[in-house]
Amino acid sequence: MNEMKKGPLNQPFVTSYLLYLLAAVSDRASAEFHSHARTAGLRVPEWRVLACLADEDGAMVTRLARLSLMEQSRLTRIIDQMAERGLVRRQSDPEDRRRVRVFLSDEGRDLALRLIEDARDHEARILADLGGEDAQRIKPMLERLLGQLDQPDGRETG
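Residues numbered from 1 in each chain as written. Predicted model: local features only at pLDDT ≥ 70, side-chain atom pairs only at ≥ 80, totals over all residues. Heavy atoms only, no water.

Caption draft 1: Representation of the pattern of salt bridges in the model. Applying the stated rule across the entire model yields 13 salt bridges. Where Arg99 meets Asp93, a salt bridge forms, and the shortest distance between an N and an O atom there is 3.1 Å. Of the residues examined, Arg99 reaches a relative accessible area of 32% and is grouped as partly exposed. Because the salt bridges share partners, they merge into one network encompassing Arg43, Glu46 and Arg85. (Salt bridge = Lys/Arg side-chain N within 4 Å of Asp/Glu carboxyl O. Buried < 20%, exposed > 50% of the residue type's maximum accessible area, 1.4 Å probe, protein only.)

Below is the structure:
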């Protein structure tokens, strides 16, 4: 049986692959907080919607789908369920009635703000474990990488 060549510094591929590392860190860190969101009565996609709307209340469904990392058809069903529970409301865009905007209800806003505070505490604990300069650099580095990946040709603008 042929053995695969190891990459730089003789490291195995998967456990040293950037995309694996990003996904694994996200999966493990998110699992901790998602458990907390479920305790508050939310499914993970609902938590994402509330958090996104706390930043951009009145976002259009297309924008909300992108921010919440969901397909638009799935998001539409989730918004329907959240509206039935009184967490959000839909409203036609006054400039183009074909477009729909989603807004937090008072109950949804209160829940979102409470969980955002909890999420910030959770993030602070994770970053504190990382310590020092690494904790200060990781988010700007990830934001820059995301900005590069969001560009059609992979290059950052401006």
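Caption draft 2: How the structure looks around the packing of helix 3 (residues 61-68) against helix 4 (residues 72-84). In the contact formed by helix 3 and helix 4, the axes pass within 9 Å of each other and the chain directions differ by 105 degrees. One way to sum up the angle between helix 3 and helix 4 is to call them roughly perpendicular. Across the interface between the two elements, Val61, Thr62, Leu64, Ala65 and Ser68 of helix 3 pack against Gln72, Leu75, Thr76 and Ile79 of helix 4. Considered class by class, the residues forming the contact of helix 3 with helix 4 number 5 nonpolar, 4 polar and no charged. (Axes fitted to C-alpha atoms, helices over the stretch in contact; angles between N-to-C directions. Helix = DSSP H or I, 4+ residues; strand = E, 2+ residues; numbered from the N terminus. Parallel < 35°, antiparallel > 145°, perpendicular 65-115°, else oblique. Contact = heavy atoms within 4.5 Å. Nonpolar A, V, L, I, M, F, W, Y, C, P; charged D, E, K, R; others polar.)

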